[in-house]
Amino acid sequence: MMLHVPGVLTPEQVRQFRQQLAAAEWIDGRASVGPQGAAVKRNRQLAEGSPLCVELGNIIVRALTANPLFFSGALPLRILPPYFNSYTGGEHYGLHIDGAIRARNDGSQTLRADVSTTVFLSDPEEYEGGELTVMDSYGSHEVKLPAGDAIVYPSSSIHRVNPVTKGERIASFLWTQSMVRDDWKRSMLFDLDQNIQKLRGQHGDNEATVGLAGHYHNLLRMWAEM
Ligand code: NI
């Protein structure tokens, strides 16, 4: 399932992020990938663990975990500190799959990557190309969202970032281990939750919505791993 989460960061937060990132020191993006990724990855990123990376990453994790749509779609158990990257002058990230097990460089945190998230920090008008293209059984999906919005997609999908032919594309990306590892089960829970919310909005709480909420929680009880 791919999920667009609008307004993860406020316009004011995006402005502050951009101001701080404009003065940041960027390193070769190949620092955080294995050999297959390194062969196709051409971009720059903030060094993992650098003070700015940690500071901005914490703001993103707080914003995402407080976001009901992200929570419902990702069912996060833990989130690895976010990375920040920049693409300019034809930089790109060719077809690849995110590694199943992700760890911080210092080994202090490891997780199984179930859900990948990109938070856009540049507006679409600021650059040409740079679409995140995600392949699934329905074909390929090109994603280019307003600054502050996020796209959430299964880490099991093959994806790429098209060359940025003009301007600069700045984004943050992160991995989440979900309480529900299977994408299809997560997607079913998300649909159920969203429809229960709709029914509650239309009719208020009644015996049927309480029953459906019970069904949701009992499925989550059956499938959640902690
Ligand atoms: Ni990736």
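Above this text sits the structure in question.
Notes on the structure follow. Computed from a prediction, not measured in an experiment: that's the story for all the values here.

1. Focus: the pairing of strand β14 (residues 150-154)
And then number 1: In terms of burial, β14 is a largely internal element, five of the five residues being buried.
And then number 2: Both strand β1 (residues 3-5) and β14 contribute to a ladder of three bridges, which runs antiparallel. From the neighbouring strand, His4 faces β14, where its bridge partner is Ile151.
And then number 3: Where strand β10 (residues 115-120) and β14 come together, five bridges link them in antiparallel fashion. Note on β14: the bridge partner recorded for Thr118 is Ile151.

2. Some points on the pattern of salt bridges
And then number 1: Scanning the model with the defined rule gives nine salt bridges in all.
And then number 2: With its nearest N and O atoms 2.9 Å apart, the salt bridge here joins Arg18 to Glu126. On the criterion of sequence distance, the pair formed by Arg18 in helix α1 (residues 11-22) and Glu126 in the loop between β10 and β11 (127-129) is long-range, its members being 108 residues apart.
And then number 3: A salt bridge links Arg30 to Asp28; the nearest nitrogen and oxygen atoms lie 2.9 Å apart.
And then number 4: Residues participating in the shared-partner salt-bridge network are Arg112, Asp114, Arg181 and Glu225.

What counts and how
Residues numbered from 1 in each chain as written. Predicted model: local features only at pLDDT ≥ 70, side-chain atom pairs only at ≥ 80, totals over all residues. Heavy atoms only, no water. Buried < 20%, exposed > 50% of the residue type's maximum accessible area, 1.4 Å probe, protein only. Helix = DSSP H or I, 4+ residues; strand = E, 2+ residues; numbered from the N terminus. Pairing = 2+ DSSP bridges. Salt bridge = Lys/Arg side-chain N within 4 Å of Asp/Glu carboxyl O.

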